[in-house]
Amino acid sequence: LKDMMEKLCSVLSDAHLPGTSWTVYVSLLQKIFASGDTDKDEGLDFEEFSKYLKEHEKKLRLTFKSLDKNQDGSIDAREIQQSFKDLGLNLTDRDAEKILHSIDADGTMTVDWNEWREHFLFNPADDLQEIIRYWKHSTVLDIGDSLTIPDEFTEEEKTTGIWWKQLFAGGMAGAVSRTGTAPLDRMKVFMQVHSSKSNKISLVDGFKQMIKEGGVASLWRGNGVNVIKIAPETAIKFMAYEQYKKLLAKDGGKIQSHERFMAGSLAGATAQTAIYPMEVMKTRLTLRKTGQYSGMFDCAKKILKKEGVKAFYKGYVPNILGIIPYAGIDLAVYETLKNAWLSRYAKDTANPGILVLLGCGTISSTCGQLASYPLALVRTRMQAQASMEGSEQVSMSKLVKKIMQKEGFFGLYRGILPNFMKVIPAVSISYVVYEYMRSGLGISK
């Protein structure tokens, strides 16, 4: 191991890293071992090392391409300054030249691909800003469930104020998307609460019942609250996420994947806690009969008068528990699909194109829903218990046992068909509206 480290240090010394001490080389080598040791046997064989080099070189190529603004095959001081400016940092001419000089091997004051590759090949890369920029999905795609982990915003987006425009565009996209798929969402809630083995409700029969009872307009019951709660929930989640990231990141450094998941889950729980009474009202208004409530405020007043404040937090526990499997699986699947695409297809750019982004977002969100759906069903039934005639008020655990005994495991997935049916139209609508909003607000690509 010592011989191998000395040889690698010799390579690193030749890779133009001036003034680098032995301890820094050891640190770099430890990173290389950690990145390359895929089988975790505390050793790095030739195959693992080769794979590490190939994957790392691909990341370096993407970074080089993003820095080479004029695409002339080399990077100069001006392009380095511009790249830092894009990230919200102003770099002096002297500092840009100093950075360039540390990489420039032939003294031309420009860096070509070979110089860039030799300099950084043995320095494991973190997530690239370009990849982050292209691969956002949760502010763009809205499927009606607000359990996704918030997006990262670059320093450039934060300092220029573009972040609030993107959140606003995402909120408007969500509002249009939810309105467009509201009939399917109401059908999902209707089947979650009323469908059973003894009372099977098909999609056609369900829509017929709803239209017969309240007309075509009744298909949009509960949509008003569902749209109104987007703004406060998004704002609270974003602000809470930024604070949790600061608390969890070590020594103010870059946040790791597991820390991001924890921060996102905590932010989601904070936002859900704040707006949860609106979730309860949404369910009650969705299931209401004609004339039962005149509107959102009438609904809130009647719930408060008949059932008290506690009624506004019925189903809260399964709702909060549902954040963990949904957000965790959504994030894990999306990251896996992203890395698979980057590994196989990324050559000159990290931009995967619209169809790949929509496909990855749709698959990851659907997987997240599949995992958290039983908790969502239990939450909805608990929210609706008081409005159902002769319904027994039971706890989460008792309700799960009751469903399992009467309907079996698949009873926990009542209404999942209309839920899946709305995913593709919801994603498509939200993406199209988001792009139009971005254009209207003057947000460049």
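As recorded in an unreviewed UniProt entry, the protein goes by Solute carrier family 25 member 24 and comes from Cyprinus carpio. What UniProt records for the protein under Sequence similarities (unreviewed entry) is the sentence "Belongs to the mitochondrial carrier (TC 2.A.29) family." Its UniProt record, at the heading Subcellular location (unreviewed entry), says of the protein: "Mitochondrion inner membrane".

The next thing to look at is the overall build of the protein. When you go through the protein residue by residue, the secondary structure sums to 20 helices and 2 strands. Burial status across the protein gives 48% buried among its 445 residues. Taking the intrachain contacts of the protein between residues at least 6 apart in sequence as the baseline, contacts between residues at least 24 apart amount to 71%. For the protein, the accessible surface area stands at approximately 22,800 Å², while carbon and sulfur atoms represent 60% of it.

Right, let's get into the packing of aromatic side chains. Evaluation of the coordinates by the stated rule reveals 8 aromatic pairs. Seen from their ring centres, Tyr313 and Tyr316 are 5.7 Å apart, and the 70 degrees between their planes marks the pair as edge-to-face. Residue class for Tyr313 comes out partly exposed when judged on its relative accessible area of 35%. Classification of Tyr316 as partly exposed rests on a relative accessible area of 24%. An aromatic cluster is built from Tyr373, Phe409, Phe410 and Tyr413, whose rings are joined through pairwise contacts. Geometry around Trp113 places Arg61 over its ring, the cationic atom sitting 4.1 Å from the centre.

What follows is about the pattern of salt bridges. Enumeration according to the criterion identifies 13 salt bridges in this entry. We note a salt bridge from Glu279 to Lys229, for which the minimum N-O separation is 3.1 Å. Taken as a pair, Glu279 in helix α14 (residues 257-287) and Lys229 in the loop between α12 (223-228) and α13 (230-248) lie far apart in primary sequence, 50 residues in all. The class of Glu279 is buried, set by a relative accessible area of 10%.

Relative to the helices and strands, Gln71 is located in the loop between α3 (46-67) and β1 (74-75). Here the side chain of Gln71 touches Lys65 through a polar contact of 3.3 Å, landing on its backbone oxygen. At 2.6 Å, the side chain of Gln71 and the backbone oxygen of Asp68 are in polar contact.

Right, let's talk about helix α9 (residues 162-180) for a bit. The end-to-end C-alpha distance of α9, which contains 19 residues, comes to 27 Å, matching closely the 27 Å that a straight helix rising 1.5 Å per residue would cover. All buried positions along α9 are accounted for by Gln166, Leu167, Ala169, Gly170, Gly171, Ala173, Gly174, Ala175, Ser177 and Arg178.

Quick look at unusual backbone geometry now. For Gln71, which is not a glycine, the phi torsion comes out positive at approximately 55 degrees. When its relative accessible area of 49% is taken as the criterion, Gln71 is described as partly exposed. If you check the backbone angles, Met109 has positive phi at about 60 degrees while not being a glycine. Assessed through its relative accessible area of 33%, Met109 is described here as partly exposed.

In this fold, Thr181 is placed in the loop between α9 and α10 (182-194). Excluding its chain neighbours within four sequence positions, the residues that come into contact with Thr181 are Lys422, Pro425 and Ala426.

Right, let's talk about empty space enclosed by the protein for a bit. The rolling of a water-molecule-sized probe over the atoms marks out the regions of remaining empty space. The tally for this structure, following the rule as stated, stands at 5 cavities of 30 Å³ or more. Taken as a whole, the second largest cavity spans an internal volume of roughly 180 Å³. Along its surface, the second largest cavity is lined by 18 residues, and Gly144, Asp145, Glu279, Lys282 and Arg379 are the ones closest to its centre. Within the residue set of the lining of the second largest cavity, elements represented by two or more residues are α10, α14 and α17 (354-384). Ranked by residue count, the leading element in the lining of the second largest cavity is α14, at 4 residues. Residues belonging to the lining of the second largest cavity are distributed by class as follows: 2 nonpolar, 8 polar and 8 charged.

Judged by nonpolar contacts, the single largest core of 17 residues is most densely connected at Leu141, Ile143 and Val427. Within the residue set of this core, elements represented by two or more residues are α9, α16 (316-345) and α20 (423-440). Here this core gets 6 residues from one element, more than from any other, and that element is α20. Excluding anything up to four places from it in sequence, Val427 contacts Leu141, Asp142, Ile143, Leu358 and Thr362. Formed by 13 residues, the second largest nonpolar core is a distinct cluster that contains Leu60, Phe64, Ala77 and Trp113.

End to end, α13 covers 26 Å across 19 residues, agreeing with the expected 27 Å (1.5 Å per residue, within 8%). Every buried residue of α13 is accounted for by Ile230, Glu233, Lys237, Phe238, Ala240, Tyr241, Glu242 and Lys245.

Its place among the elements puts Met172 in helix α9. For the pair Met172 and Val433, spaced 261 residues apart in sequence, the C-alpha separation works out to 7.5 Å.

Here we take up a nonpolar patch on the surface. A surface patch of nonpolar side chains, about 300 Å² in accessible area, is lined by Trp164, Phe168 and Met172. As for its position among the elements, Trp164 is in helix α9.

Cut-offs used in this document
- Residues numbered from 1 in each chain as written.
- Predicted model: local features only at pLDDT ≥ 70, side-chain atom pairs only at ≥ 80, totals over all residues.
- Heavy atoms only, no water.
- UniProt positions renumbered as here; feature names shortened; annotations may be inferred.
- Helix = DSSP H or I, 4+ residues; strand = E, 2+ residues; numbered from the N terminus.
- Buried < 20%, exposed > 50% of the residue type's maximum accessible area, 1.4 Å probe, protein only.
- Contact = heavy atoms within 4.5 Å.
- Areas by Shrake-Rupley, 256 points an atom, 1.4 Å probe, with all protein chains shown as cover.
- Phe/Tyr/Trp six-rings, centres within 6.5 Å; stacked < 30°, edge-to-face > 60°.
- Lys NZ or Arg CZ within 6 Å of the ring centre and 35° of its normal.
- Salt bridge = Lys/Arg side-chain N within 4 Å of Asp/Glu carboxyl O.
- Polar contact = N/O pair within 3.5 Å; in protein donor to acceptor, adjacent residues only side chain to side chain.
- Expected span 1.5 Å × (residues − 1).
- 1 Å grid on protein atoms, 1.4 Å probe; cavity = no way out; pocket = protein on both sides within 12 Å on 5 of 7 lines; lining within 4 Å.
- Points joined across faces, edges and corners; volume = space filled by probe spheres on them.
- Nonpolar A, V, L, I, M, F, W, Y, C, P; charged D, E, K, R; others polar.
- Core = buried A, V, L, I, M, F, W, Y, C linked by side-chain atoms within 4.5 Å.
- Patch = residues over 30% accessible without salt bridge, like charges linked within 9 Å, V, L, I, M, F, W, Y side chains within 5 Å.

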